[in-house]
Amino acid sequence: MDLVTGAMGNLAPKLLQLLQDEYKLQTGVREQVQSLSKELESIHAALRKVAAVPWDQLDEQVKAWAREVREASYDMEDILDTFLVRVQGREPADQGRLKRALKKMGDLFSKGKARREIAGAIEDIKKQLQEVAERHARYKVDENLAKPAARTSTIDPRLAAMYKEVTQLIGIDKARGELISMLSYQCGDDVLEKEMKKLSVVGVGGLGKTTLVKAVYDKLKGDFNCGAFVPVGRNPDLKKVLRDILIDLDKEYYMKNFNMINLLDERQLIDEIREFLKNKRYFIVIDDIWEPQSWETIRLALVENNYRSTIITTTRNHEVAKGAGEVYKLQPLSYDNSKKLFYTKISGGEGNCLDTQPDEISDKFLKKCDGIPLAIITMASFLVGKPREEWCELYNAIGFGHKDNMHVENTMKILSFSYYDLASHLKTCLLYLSVFPEDYVIEKDTLIWKWIAEGFVHEKQGNLSLFELGEGYFNDLLNRSMIQAVENEWDGIVVGCHVHDMVLSLIRSLSCEENFVTILDNIKGTLSQSNARRLVHQNRTMENNTHQADLMDMSQVRSYIASSCDISQRVLLSSFKLLRVLAIENCRFREDCHLGNLGNLLHLRYLGLRSTNIRELPKEIGDLKFLQTLDVKGTAIEELPASVVLLTQLVCLRGDYWSTSVSDGIGKLTSLEELTIQAGSDGKSQRQFVKELGSLRELRVLEVRIASTDESMQRELVESLRNLHKIQHLTLRIATREVVDVATWEAAGFTLPRHLRYLALLWIKFSRLPSCINPAHLPNLTTLELGVVSLDERDLKLLPRLTELRYLLLYLESTVTVSNINASDGCFRKLRAFSLPNSMAQFQRSKEDSSVSLHIWNGTDAMPFKCSTENDCSLCAIPSAVMPNLQFLHIAVFVRALKDGNGDCANIIGLEYLTSLQEVQVFIDCKGASAAEVDEAEAALRNQTDVHPNRPTLEVYKLNGDKMISSVQDQEPGDDNLPKEEEDGEKQQEEDRSR
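Residues numbered from 1 in each chain as written. Predicted model: local features only at pLDDT ≥ 70, side-chain atom pairs only at ≥ 80, totals over all residues. Heavy atoms only, no water.

**Re the overall build of the chain**
In plain terms, the rule: Numbering of helices and strands starts at the N terminus; helices are DSSP runs of H or I of at least 4 residues and strands are runs of E of at least 2. For each residue, the accessible area found with a 1.4 Å probe, counting protein chains only, is set against the maximum for its type, and the residue is called buried under 20%, exposed over 50%, and partly exposed in between. Throughout, a contact is declared for two residues whenever any of their heavy atoms are within 4.5 Å. To measure how exposed things are, a 1.4 Å probe is used in the Shrake-Rupley method; for residues, cover is taken only from the protein chains shown.
Looking only at helices and strands, the chain has 31 helices and 35 strands in total. In the chain, which comprises 995 residues, the share counted as buried stands at 54%. Taking all contacts inside the chain whose residues are at least 6 apart in sequence as the whole, residues at least 24 apart take part in 67%. Working note: accessible area of the chain is about 43500 Å², and carbon and sulfur atoms make up 47% of it.

**Brief notes about the packing of aromatic side chains**
Our working rule: What counts as a ring pair is set by centres within 6.5 Å for rings of Phe, Tyr and Trp (its six-membered ring), and what kind of pair is set by the plane angle: stacked under 30 degrees, edge-to-face over 60, tilted for all other angles.
Inspection of the entire model under this criterion finds 20 aromatic pairs. Taking 6.1 Å as the distance between ring centres and 25° as the angle between the ring planes, the aromatic pair formed by Phe 456 and Phe 516 counts as stacked. Placement of Phe 456 in the loop between α21 (444-454) and α22 (466-479) and of Phe 516 in the loop between α23 (501-513) and β9 (518-520) is noted, with a sequence separation of 60 residues between them. Each member of the pair, Phe 456 as well as Phe 516, is classed as buried. Consider the rings of Trp 857 and Phe 894, whose centres lie 5.8 Å apart with planes at 85°: the pair is edge-to-face. In this pair, Trp 857 sits in strand β31 (residues 852-857) while Phe 894 sits in strand β32 (residues 888-894), placing the two residues 37 residues apart along the sequence. What makes Trp 857 buried here is its relative accessible area of 1%. Grouped by ring-pair contacts, the aromatic residues Tyr 217, Phe 224, Phe 229 and Phe 283 constitute a single cluster.

**Comments concerning the confidence of the model for the chain**
Close reading of the predicted structure is inappropriate where its pLDDT is low. Operational definition: A residue's pLDDT is simply how confident the predictor is in it, with values from 0 to 100.
Counting all residues, the mean pLDDT for the chain is 79, and 78% of those residues have values of 70 or more. Averaged pLDDT values for the elements of the chain fall to 37 in helix α5 (residues 149-152) and rise to 97 in strand β19 (residues 629-631). Contacts for the low-pLDDT stretch residues 90-110, under 50 throughout, to residues beyond four places or in other chains number 18 contacts. Here residues 969-986 is a poorly scored stretch, pLDDT under 50, and it has 32 contacts once near neighbours within four places are set aside; other chains count.

**As for the sheet that holds β31**
Rules: For two strands to be treated as a pair, DSSP must find no fewer than two bridges joining them. The axes used here are C-alpha line fits, helices contributing only the stretch in contact, and every angle between their N-to-C directions lies in the interval 0 to 180 degrees.
Read from one edge of the open sheet, three strands run β28-β31-β30, paired in antiparallel fashion. At either margin of the open sheet sits one strand with a lone partner, and together these are β28 (816-818) and β30 (840-845). This sheet shows a mean twist of 15° between the axes of neighbouring strands, independent of strand direction. Note that β28 and β31 share three bridges and pair antiparallel.

**Here's the deal with unusual backbone geometry**
Although it is not a glycine, Asp 288 adopts a positive phi angle of roughly 65°. Looking at the secondary structure, you find Asp 288 in strand β3 (residues 282-289). The phi dihedral of Arg 951 is positive, around 45°, even though this residue is not glycine. Along the polypeptide, Arg 951 turns up in the loop between α30 (931-947) and β34 (953-960).

**Digging into a negative patch on the surface**
Short version of the rule: Here a patch means residues that are over 30% exposed by relative accessible area and free of salt bridges, tied together within 9 Å if like-charged and within 5 Å if nonpolar (Val, Leu, Ile, Met, Phe, Trp, Tyr). A carboxyl oxygen of Asp or Glu within 4 Å of a side-chain nitrogen of Lys or Arg is what we treat as a salt bridge. Counting rule applied: Lys, Arg positive; Asp, Glu negative; His and chain ends not counted. To locate a charge, take NZ of a lysine, CZ of an arginine, CG of an aspartate or CD of a glutamate.
A contiguous patch of negative charge, built from Glu 638, Glu 639, Asp 664 and Asp 682, is present on the exposed surface. Among the structural elements, Asp 664 can be located in the loop between β20 (652-654) and β21 (674-678).

**Quick word on helix α16 (residues 360-369)**
The cut-off we apply is this: This arc is built from the directions going out from the helix axis to the C-beta atoms.
Along α16, the residues classified as buried are Ile 361, Ser 362, Phe 365, Leu 366, Lys 368 and Cys 369. Along the axis of α16, the buried residues cluster in a sector spanning 160°; they form a single face. In α16, the exposed residues that point more than 90 degrees away from the buried face are Glu 360 and Lys 367. Backbone geometry just after α16 places Asp 370 at a positive phi near 55°.

**Regarding the environment of Leu 675**
Among the secondary structure elements, Leu 675 is positioned in strand β21. Expressed as a C-alpha distance, the spacing of Leu 675 and Leu 653, which sit 22 residues apart in the sequence, is 5.0 Å. Those residues within four positions of Leu 675 in sequence are excluded, and the remaining contacts are Leu 653, Ile 666, Phe 689, Leu 696, Leu 699, Val 701, Leu 702 and Glu 703.

Written as structure tokens, this is what we have:
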């Protein structure tokens, strides 16, 4: 499905589904279905051609025809879906045997009636298509897709960036200096002195890539024998690109012989360039590459001649950048430079700036631009000549879609280049992001499940699930810089995205124009379109009178999405007949609000009530036999209705592992790929849950809390886990104070699949490290959270060699040392966060060599290290690459035990070896220590962070036993040794990670 083709791509498969024996169509109707299916495929092919052309270049008649067919396709799909639901029937939950028998008898009559009605429906569809075809017969799609060339010939708006004077550029000095530094050669190595430099600058459209590399090119080109600066573009003529390279290299010669080079084909042009460059030191910039194929052809001409030549490429595509050389990711302008550029453009030139005192409305404009130079110039141009007192009103009405300004039009054209370069399915997925508010962090997994429910992700051959296909779509949009990644700060894994305001304005404009999404907010509060397909409420107070007016005649709505709204009355779901997506998220229901008539939404695929105060779901939810995703995370729902286990097409079930439970029968949901839940509300239901868990063989993500277990239940759990061969994310929270015997688990067959990425075994105290947790078995593991009573050096040496590990949390009760954790030996190369909540860490350099050892101390055993000036880093060079990417460190410090061990607090941890450190969190155990001793320890910690080159932040929490006595942020973390407090801590951690 995409914007232009509408539901056309879904119709042919659904028509073919009608031909299956179970629907028992009459012979004549079957023939009509086959004929109609072929006709729809032809129409779909024509629409795909339309979709490949920028919308502003299409003939108006073609636009009208595409709109008409698209809307008709939705109507046709509604007819087919209604028939399919009626014929397949439904069996409400909690019926007795007699009622079920009577229901089946009634279904026989209704199904027969439905089969007779489908014949009439097929005839109506054919007539509708015939009418559209007759109106379209006056022109041909293939011959009239685009407007005449004379009417659309324009100058590329990016051209101006190549000719800006350096004195006009603001905020470019830092990036230019970094690029020049990356291009410089290191002396002392003959090989390196001759090696070619290849660098790729990547970033979103409008960020200033062309401007930057042109400034670098102009500064350095005098150091080379020859050079060229050549743009490529979205749909390049590679012969022209190669000719342009030749002309730039020697303009006088090749312009005289232009007729000669104009006759050469690609191969001959490549040979000519290679011959020219083979004995020269050259500097070539290939600007604005869109796809790898173009670059692979161009790079054939750029011979590597060992004369210290330089090649720079620019691109919006991260995949292209990685294949073109060392990657430089261009960052947005700083706030100060953004403000300087903003006021300079308003005043008409540097040196004539207006009053640049920050004010609220200027900050709003700058925030909207988010450091993108093109956006800042566009905004400033829009405000030129307008009184400051009108700015607030302009901000409320502003969009990047205003066409009365040349800069605005150029900005939208540049962005549209990226949009129209997308494949049709990616265009649709991107347009769907218009349903989210500005500055909204969009969670990746939730977004993909919505795409699937909307029908944007189609099945294809291979072993990939729909979710994995959708994840590929998400990554494609990231690689093309259409969305911006949001990473989990702890492990650097991409967990979501946000959309720049410029891109959001573009896709909202397209979505509104083509009736893809209809948005109602506090500014636009009324519904003007009667045929809205996707209805979105944002930041509204939805009272009974306005809500009912908004929902009149909503029979065509397929998606209803409410975000950040106050809902004062029950949601009137009876108005929706064909709803597929119902997402009421981050909203507040007032008292007595509930979801009436939920069980009648038979077409529903996605039900999201995330982060609302709703307390229960109706038992009729079991009637929603097509439901794929049920997300009630962050709600007040404590137990799901028993009928949930009837939802056999459910692929994602999300609750809160600390509160949301499900009754017996979870094993029936064999399609589940993601499950976050509490395992039952009592011991019996928990044991049943553990047994049935092994039936869920499609699970990729499992987060479950089991309130209590005994040894036999643990064995059953291990046996169930053995069946989950597709698991990639596993979080088990088993509340037990007993030490778990690893030998018992391993005897039951405890093992983990090689593709596991995330493993959190919380509240479990393993007697030792399970043998399956090692680099050979888990090469893809990025996150590990584990509790172990005893860990020896042999076991601890395994963990640093988990090459993909980004986050490591260990609850240890023993003291252990591991020597030589230098990354050059393969240790902790990618680790970003290291947490030892109840242990102290000491990094210590060997006097004999440059290796660094890690001591982990429980504060009870003999202190395994010495804190003295003998180990001070001033006595020797600091070894490089010790946890080179570590940014977050969380440890305990035992003041009394340190003093008793004659430890000197001057160098407690050894932070100087952690070169990338950004944040240190320390629990100071004050038990048995005087106030002066505690202050001395804290002062030593602050001194270490103060002298560290990065000046990392330090958070200090002072504990006396289990009691918090003070903290720098006046917040009390959970006690990691007690299940209840740890549960609260884990809940807070989950909320922090979600943010």
